[in-house]
Every structure is written in structure tokens, then in C-alpha cells.
Amino acid sequence: MERKEFLKKGILGTGILTASAAGLSALANNIEEIKTLKPVQNIDLLGFNHLPNTNSKIMTNTVFHKADSRGDASHGWLHSKHTFSFANYYNPERMNFGVLRVLNDDTVAAGMGFGTHPHDNMEIISIPLSGDLEHKDSMNNVTVIKSGDIQVMSAGTGIKHSEYNKNKDSEVKFLQIWVFPNKNNVTPRYDQITLNIDDRKNKLQQILSPNSNDAGVWIHQNAWFHLANFDKGISTNYKFKSQDNGLYIFNLKGNLKVNNQSISTRDGIGIWNTNQVEITAESDAEFLLMEVPMQV
């Protein structure tokens, strides 16, 4: 199938169901998470970028997303913040950043979670921030991911999985990230690794790349992710791995300056058509860098 035809058929069709940790008996919910988004009318805009933010203090090749501008879905058991259009949140100017399609900042209540649901032809990355998230899938994987772990699924020809909060007395927080692959209908694949959090102290820790022999997990896409914990005053000059890529920075905690733009907790900024980006911690800060192709 042509890439643009693939996008036209429905950018998100996912069935997300709620279940208890005890029985995982999936029940259809009433939060409309299973609705497919309407396709963008001008399909040529897909796979490049959002419209540049006219309030940016940097250059015209940026988008700046304040934390409180994200989609907000609160369903009792699940509180999710959507950087890009997802489920009930639809904004045609915030469909994707290149091949970066979904960036969800999720909090799941104790003992609750997502019942078994399908995915295909998407690279899905989960980054736990706190708590324990249990995963089960149709490839017979049963695992628990926690802070310091990175999980990846290449959905390929099709995979079904569930994920829920393993603990009955505390919530779990994690980032769910979807990336369009550079090839469709691959054999589904699951991987999970535990990283040394100390390796991101005042430096960039690579957590994802296109190479199976490189640091972190790997995906079917020319993308590189890094995590960092910087003390106040620490700077880095990020150099792009590919001239065709852009960089999306999601600030998890604290205050950053990206070139000349100040970034607060949970703000996001995307930059493209440049070779490098200067990042300075204006306070103690934790952040995620996602370098991705700008063309789907």
C-alpha cells in the first residue's frame, strides 16, 4: 500500500479498552478512545510538519507546544495529555512531527489499564516514568516495565497487547510514543531493556536508534532518542545524525533554554532544517530528545 494511502485510511484506528489488573476482562468504555480520526484533507501536509509557530523566538523552522496547549483526556482511571491529535483530541495543525505521530503523557490509576487491543504498521515505544506497568501480548510476552526501562514494539503485520498498572495501591506514569515505520508489514517484534539512569547525568543517554547493535532499543526508522538529567547551567550542542531529520524536545521537568527559547516542564519544541541545536538547563532538568525524519 502506498504510504499516503495508508495514512488516508485512518491515521489512528486503535481500540483501547479498560480492564482491572485482577482479571483483565476487557470492557468497552465510554471515552471514545476507539474512534478513528478524520484524515487530513490536504494529505500533502502530512509527513512534513505542523505549521511553524509565529510566536517562536528562534526561527521559522520551529514549532513550540506549551504544556497546557495539549489535548487533555481525563477518564477517572486514565489521565492522558496528547501532544498530537489522538482519540477525542483532534487538531489538524498538530497531527505529527515528521514521522513522530503520537506523544501521550499517561497516568493510570492503581489496578487499572488498557485491555487487549490491536496495532499494526507502527513502531510503539513506552517509557515508564514511575510505577510498574505490566505488558502482555499475542507473541506470549509477559513483562513488567518500570522507571529506567525502555519498551519497543514493531507492530508490523499485526499485534495485540494489553498493559495495566500492576500495583493496587499506586498510580503509574509513562510516555507512549508512536513512530511511523520506514517499511510496512514487517514481522512483529517486542524488545525491552533496562538502562543505567546514572548514564544520563549531565549528558545525553541514547535510548533508541535504527541499529540493533547500537545503544538502546532499535526501530524500523531512521530515528534516535536520548534522555538526559542536567544540573542547572549544564549545556550541550546536539548535532543531527541526518540532515533530513528534525528534533523534537519534550521537557519532562525543570526549565531549559533551546537556542533562544525558554522551555518549561512538559513543554515541547520541534526544530528542523538545521544541523545542531543548543540546549541549556536553566534549572535542574530532565528531558527527552527525539530526532526523526521529517518526511513520512
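Our subject is the structure that appears above.
These figures come from a predicted structure and were not determined experimentally. (Residues numbered from 1 in each chain as written. Predicted model: local features only at pLDDT ≥ 70, side-chain atom pairs only at ≥ 80, totals over all residues. Heavy atoms only, no water.)

Visitor: Could you give an account of the pairing of strand E3 (residues 71–74), with specific residues and numbers?
Guide: Of the two faces of E3, the one holding Gly71 and Ala73 is buried and the one holding Asp72 and Ser74 is not buried anywhere. By the bridge criterion, four bridges tie E3 to strand E4 (residues 78–82) in an arrangement that is antiparallel. Of the residues in E4, the one forming a bridge with glycine 71 is histidine 82. Linkage of E3 to E4, two consecutive antiparallel strands, is achieved through a turn of three residues, within which glycine 76 is found at a positive phi near 85°. (Buried < 20%, exposed > 50% of the residue type's maximum accessible area, 1.4 Å probe, protein only. Helix = DSSP H or I, 4+ residues; strand = E, 2+ residues; numbered from the N terminus. Pairing = 2+ DSSP bridges.)

Visitor: How would you summarise the packing of aromatic side chains if you had to cite specific residues and measurements?
Guide: The tally for this structure, following the rule as stated, stands at seven aromatic pairs. Relative to tryptophan 178, the ring of phenylalanine 86 lies with its centre 5.5 Å away and its plane at 80°, an arrangement referred to as edge-to-face. With a gap of 92 residues between them, phenylalanine 86 in the loop between E4 and strand E5 (100–108) and tryptophan 178 in strand E12 (residues 172–179) connect regions that are remote in the sequence. Overall, phenylalanine 86 belongs to the buried group, its relative accessible area being 2%. Exposure remark for tryptophan 178: the relative accessible area of 3% places this residue in the buried category. Between tyrosine 238 and phenylalanine 240, the aromatic rings sit 5.9 Å apart at their centres with planes inclined by 80°, giving edge-to-face as the arrangement. Like tyrosine 238, the residue phenylalanine 240 is buried in the burial classification. Members of the aromatic cluster, joined through ring pairs, are Phe84, Phe97, Tyr248 and Trp272. (Phe/Tyr/Trp six-rings, centres within 6.5 Å; stacked < 30°, edge-to-face > 60°.)

Visitor: Tell me about the sheet that holds strand E14 (residues 205–209), and please be specific about residues and values.
Guide: As a general point, the strands of a sheet are linked pairwise by backbone hydrogen bonds and lie either parallel or antiparallel. With mixed pairing, seven strands are arranged side by side in an open sheet as E2-E21-E18-E23-E16-E14-E15. Edge positions in the sheet fall to strand E2 (62–65) and strand E15 (217–218), since each has one partner strand and no second. With two bridges joining them, E14 and E15 adopt parallel strand pairing. What sits directly across from leucine 208, in E15, is valine 217.

Visitor: So what's going on with unusual backbone geometry? Residues and values would help.
Guide: One non-glycine residue, asparagine 185, lies in the positive phi region at around 60°. Here asparagine 185 is to be found in the loop between E12 and strand E13 (189–194).

Visitor: A description of the pairing of strand E16 (residues 224–230) should follow, citing residues and the corresponding values.
Guide: Summarising burial for E16: seven of the seven residues are buried, a large majority. Residues of E16 alternate between two faces, with Trp224, His226, Ala228 and Phe230 on one and Phe225, Leu227 and Asn229 on the opposite face, all of them buried. Relative to E16, E14 is paired through three bridges, and the arrangement is antiparallel. From the neighbouring strand, leucine 208 faces E16, where its bridge partner is phenylalanine 225. Sheet topology places E16 next to strand E23 (residues 285–293); seven bridges connect them, and they run antiparallel. Within E23, the position partnered with phenylalanine 230 by the bridge is alanine 285.

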